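Take a look at the letters that make up each chain.
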Amino acid sequence: MNVANGEISREIGDINLAYMLLAQKLVKQDRVAAMFRLGVSRELADMLASMSLAQILKLAASNFLLCSFRLDEHASMSAVVGEGKDTMLQQAHMSILMSARSLQSQKETAAV
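Residues numbered from 1 in each chain as written. Predicted model: local features only at pLDDT ≥ 70, side-chain atom pairs only at ≥ 80, totals over all residues. Heavy atoms only, no water.

**Looking at helix α3 (residues 42-50)**
- Taken as a whole, α3 has its buried residues at Ala45, Leu48 and Ala49. The arc enclosing the buried residues of α3, seen along the axis, measures out at 100°, which places them on a common side. Turned more than 90 degrees off the buried face of α3, the exposed positions are Glu43, Met47 and Ser50.
- For α3, the elements touching its buried residues are α1 (3-29) and α2 (31-38). (Buried < 20%, exposed > 50% of the residue type's maximum accessible area, 1.4 Å probe, protein only. Helix = DSSP H or I, 4+ residues; strand = E, 2+ residues; numbered from the N terminus. Arc of directions from axis to C-beta. Contact = heavy atoms within 4.5 Å.)

Listed below in structure tokens is the structure:
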């Protein structure tokens, strides 16, 4: 592994650790809000809340990013960050998109 790849792996680990610690903090403070903000199921929220620091450190050490973009479609991302939109309007659009995704996910889960 060259120096650049080693540095990237370390940075990914740092991001993973920060993300995992933030996710756990959010879940412990307000489980329902955290589930919405993080886009995770109740089962995953329960798991996050119960993980030990050692487990989080071990998981964060992966060189794969544990967090991901929730706006994984170009059209959705473009709609949110479009030119001329102020911050409040962007946040409103983001909330609408995330709510719609949450409802769609719940419908798909109920159908299974």
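Once you've had a look at it, read on.
**Regarding the packing of α1 against α2**
- As a packed pair, α1 and α2 sit with axes 6 Å apart at the nearest point and diverge in direction by 140°. When the axes of α1 and α2 are compared, the pair comes out oblique. Together, Tyr19, Ala23, Leu26, Val27 and Gln29 of α1 and Arg31, Ala34, Arg37 and Leu38 of α2 make up the contact between the two elements.
- Of the residues belonging to the contact of α1 with α2, the class tally is 6 nonpolar, 1 polar and 2 charged. (Axes fitted to C-alpha atoms, helices over the stretch in contact; angles between N-to-C directions. Parallel < 35°, antiparallel > 145°, perpendicular 65-115°, else oblique. Nonpolar A, V, L, I, M, F, W, Y, C, P; charged D, E, K, R; others polar.)

**Let's talk about the packing of α1 against helix α4 (residues 53-60)**
- At their nearest, the axes of α1 and α4 sit 8 Å apart, and the two run at 145° to each other. Judged by the twist between their axes, the crossing of α1 over α4 is right-handed. Together, Gly13, Asn16, Leu17, Met20, Leu21 and Gln24 of α1 and Leu53, Ile56, Leu57, Leu59 and Ala60 of α4 make up the contact between the two elements.
- In terms of residue class, the contact of α1 with α4 is made up of 8 nonpolar, 3 polar and no charged. (Left-handed = near helix turned anticlockwise from the far one by under 90°.)

**Considerations on the nonpolar core**
- Counting 13 residues, the largest nonpolar core has Val27, Leu38 and Leu48 as the members making the most contacts within it.
- Those elements giving two or more residues to this core turn out to be α1, α2 and α3.
- A total of 4 residues in this core trace back to one element, the largest contributor, which is α1.
- If near-sequence neighbours (up to four positions away) are discounted, Leu48 is found in contact with Met20, Ala23, Gln24, Val27 and Leu38. (Core = buried A, V, L, I, M, F, W, Y, C linked by side-chain atoms within 4.5 Å.)

Everything listed here is a matter of geometry and, on its own, says nothing about what the molecule does.
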